[in-house]
Amino acid sequence: MSAIFLPRAMRIGAGAINELPGALAQLGLKAPAILTDPFLADSGMLGRLLKVLEDAGFPVRSYSGVTPDPTTASVDAAVSFIKGGNHDCVIGFGGGSSIDTAKAVAVLAVRGGKIHALKAPNENNEAGMPIVAIPTTAGTGSEATRFTIITDEVTDEKMLCAGLAYLPVLAIVDYELTLTKPARLTADTGIDALTHAIEAYVSTFANPFSDMMAISAMRAIWPNLRSAFVSPSNRPAREAMMVGSLQAGIAFSNASVALVHGMSRPIGAHFHVPHGLSNAMLLPVVTAWSAPAAVARYADCARAMGIATFEDDDQSAVTRLVEALRGLNTDLAIPSPKIYGIDEDRWNALLPIMAEQALASGSPNKNPRVPDSAQIQMLYRQVWS
Ligand SMILES: NC(=O)c1ccc[n+]([C@@H]2O[C@H](COP(=O)([O-])OP(=O)(O)OC[C@H]3O[C@@H](n4cnc5c(N)ncnc54)[C@H](O)[C@@H]3O)[C@@H](O)[C@H]2O)c1
Ligand SMILES: [Fe+2]
């Protein structure tokens, strides 16, 4: 038996942002508040969204104080903004940081308190304010997931919060919003989406529905990630990345992420490495270590991505997969933690805490090969250089 959870409505395709008023009206939503970040506010993209809503007669307020990798303090500030108006829904407009902020705010504005009380292994299914997600990166899939990730700035822990309370009621998925992404952001967010698809497929929580979404996402992402990286205005590549990212989000939200994400969050929290980039640093090493426990599943991934064919046996397909992931990192200029500039002594000193935080998130337990703390620290050491 599988339990599947999806947004109530989605509008997908070029110009979908113009459909927002109609989509809100269909859901009976009348008074939105937009949460976004300073870049999207200054770039004119927020202005365009405000105009779409104002032209349709919606009273709307916007807040542009979202910080990358949102913290408990930045979420609390956004909650105060929401309470200063009379709103019936929260729109997260931007990358995963804006959408995740909107999710946390939607819950805290109704139930009060702090987000710490809700972190994994707690699950929160109690509805908060309705959440509308409008992604501008093709990466997190947060527009269709039942998760939000908020950093505790005191302990530097990236807290994973899960439950139906964080699942948007509406996702507006318009790839034209991603045409402005620079190459570095395209690569990092694209590898995040690819990692979601691979991890959903190999996770021990995979099911026939999540498999279908994960395979479809890998087929879309692998042949288009390099193209979007080298030619930002390649519309078919951008469209494939956006749809692939959505499908990968649906896949892992209905299965799970696994060891790469478990180990990635502590790197992001302690060293402020962007989420997709820390996934990319880990993906080849963690795949090579995990594959012996699920050779056939990783071989399916290699075939879906077009890296291997049905003529290759499973073991050779997996060997090709690991080589291809290393090659992707080279082509997308992914640095090792050392080249990124992380201090080696601090990295080594933090390994036991990072391993503990990775295990506490629950993601490593869903990996096909389940590590203990010593094995996670060994993998972090391998990834270092
Ligand atoms: N909730 C989930 O299911 C889920 C899944 C994966 C990751 N995440 C979280 O999402 C966050 C990362 O999100 P992200 O990778 O989308 O990045 P982000 O939201 O942090 O944005 C990164 C930067 O890109 C800029 N940007 C966004 N869209 C742009 C565009 N179209 N053109 C140019 N610049 C643009 C932003 O202004 C920001 O400066 C992390 O906190 C991560 O933990 C959440
Ligand atoms: Fe991710």
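Refer to the structure presented above.
It should be emphasised that the depicted structure is a prediction, and the values quoted were computed from it without experimental measurement.

Colleague: Pulling in residues and values, what's your account of the overall build of the chain?
Modeller: Of regular secondary structure, the chain possesses 15 helices and 8 strands. Here the C-alpha radius of gyration of the chain, 20 Å, is about what a compact globule of 385 residues would show, namely 21 Å. Overall, the chain is about 60 × 45 × 45 Å in size when its C-alpha atoms are taken along their principal axes. Out of the 385 residues belonging to the chain, those deemed buried represent 61%. Of the contacts made within the chain by residues no fewer than 6 positions apart, 77% connect residues no fewer than 24 positions apart. Taken as a whole, the chain presents about 14,200 Å² of accessible surface, with 55% of it coming from carbon and sulfur. For the chain, the separation between the mean place of its 29 positive charges and that of its 35 negative charges on side chains is 3 Å.

Colleague: Give me the coordination of the iron ion (ligand 2): which residues, what numbers.
Modeller: Surrounding the iron ion (ligand 2) are the protein donor atoms Asp 192 (OD), His 196 (NE2), His 261 (NE2) and His 275 (NE2), which sit 2.1 Å from the metal. Around the iron ion (ligand 2) sit 4 donor atoms, and with donor-metal-donor angles ranging over 85 to 169 degrees the site reads as irregular.

Colleague: Describe the pattern of salt bridges, and please don't skip the residues or the numbers.
Modeller: All chains considered together, the criterion is met by 12 salt bridges. Two residues, Asp 69 and Lys 158, come together in a salt bridge whose shortest N-O distance is 3.4 Å. Of the two residues, Asp 69 is situated in the loop between β3 (61-63) and α4 (72-83) and Lys 158 in strand β7 (residues 157-162); the sequence distance between them amounts to 89 residues. Exposure remark for Asp 69: the relative accessible area of 24% places this residue in the partly exposed category. Residue Glu 176 pairs with Arg 235 through a salt bridge whose shortest N-O separation is 2.5 Å. Here Glu 176 is found in the loop between β8 (170-173) and α6 (183-202), whereas its partner Arg 235 is found in helix α8 (residues 235-253), with 59 residues between them in sequence. Using a relative accessible area of 35% as the deciding quantity, one classes Arg 235 as partly exposed. One salt-bridge network, held together by shared partners, links Asp 300, Arg 303 and Asp 314.

Colleague: Tell me what's going on with the packing of helix α9 (residues 259-271) against helix α15 (residues 373-384), and back it up with residues and numbers.
Modeller: Where α9 meets α15, the closest approach of the two axes is 12 Å, and the angle between their N-to-C directions is 70 degrees. For the element pair α9 / α15, the angle class is roughly perpendicular. Handedness of the crossing formed by α9 with α15: right-handed. Taken together, the residues of α15 that come into contact with α9 (itself represented by Leu 259, Gly 262, Met 263, Pro 266 and Ile 267) are Ile 376, Leu 379 and Tyr 380.

Colleague: Would you mind going over the packing of aromatic side chains in detail, with residue names and values included?
Modeller: Summed over all chains, the structure comprises 5 aromatic pairs. With a centroid separation of 5.6 Å and an interplanar angle of 10 degrees, the aromatic rings of Phe 147 and Phe 252 are classed as stacked. Pair noted here: Phe 147 is in strand β6 (residues 147-152) and Phe 252 is in helix α8, with a separation of 105 residues, a long-range link. Assigned by exposure class, Phe 147 and Phe 252 land together as buried.

Colleague: Can you break down the site of ligand 1 residue by residue, with the values?
Modeller: Residues in contact with ligand 1 amount to 29 residues; listed here are only the nearest, Asp 37, Asp 69, Ser 97, Thr 136 and Thr 145. A distance of 3.2 Å separates a nitrogen atom of ligand 1 from a polar atom in the side chain of Ser 142. Within the complex, 90% of the 870 Å² of free accessible area of ligand 1 lies under protein. Breaking the shell around ligand 1 down by element, the ones donating at least two residues are α5 (96-111), β6 and α6. Classifying every residue of the shell around ligand 1 by side-chain character gives 9 nonpolar, 13 polar and 7 charged. Taken together, domain 1 (9-178) and domain 2 (183-384) each give at least three residues to the shell around ligand 1, which thus spans both.

Definitions and limits used
Residues numbered from 1 in each chain as written. Chains lettered and ligands numbered in written order. Predicted model: local features only at pLDDT ≥ 70, side-chain atom pairs only at ≥ 80, totals over all residues. Heavy atoms only, no water. Helix = DSSP H or I, 4+ residues; strand = E, 2+ residues; numbered from the N terminus. Rg over C-alpha atoms; globule rule 2.2 N^0.38 Å. Buried < 20%, exposed > 50% of the residue type's maximum accessible area, 1.4 Å probe, protein only. Contact = heavy atoms within 4.5 Å. Areas by Shrake-Rupley, 256 points an atom, 1.4 Å probe, with all protein chains shown as cover. Lys, Arg positive; Asp, Glu negative; His and termini not counted. Charge placed at Lys NZ, Arg CZ, Asp CG, Glu CD. Donors = N, O, S within 2.8 Å, 3.2 Å for Na, K, Ca; no water. Tetrahedral: all angles 85-135°; square planar, octahedral: opposite > 155°, others 65-115°. Salt bridge = Lys/Arg side-chain N within 4 Å of Asp/Glu carboxyl O. Axes fitted to C-alpha atoms, helices over the stretch in contact; angles between N-to-C directions. Parallel < 35°, antiparallel > 145°, perpendicular 65-115°, else oblique. Left-handed = near helix turned anticlockwise from the far one by under 90°. Phe/Tyr/Trp six-rings, centres within 6.5 Å; stacked < 30°, edge-to-face > 60°. Near = heavy atom within 4 Å. Polar contact = N/O pair within 3.5 Å; in protein donor to acceptor, adjacent residues only side chain to side chain. Nonpolar A, V, L, I, M, F, W, Y, C, P; charged D, E, K, R; others polar. Domains from an automatic or database assignment.

Keep in mind these values describe shape, not function.
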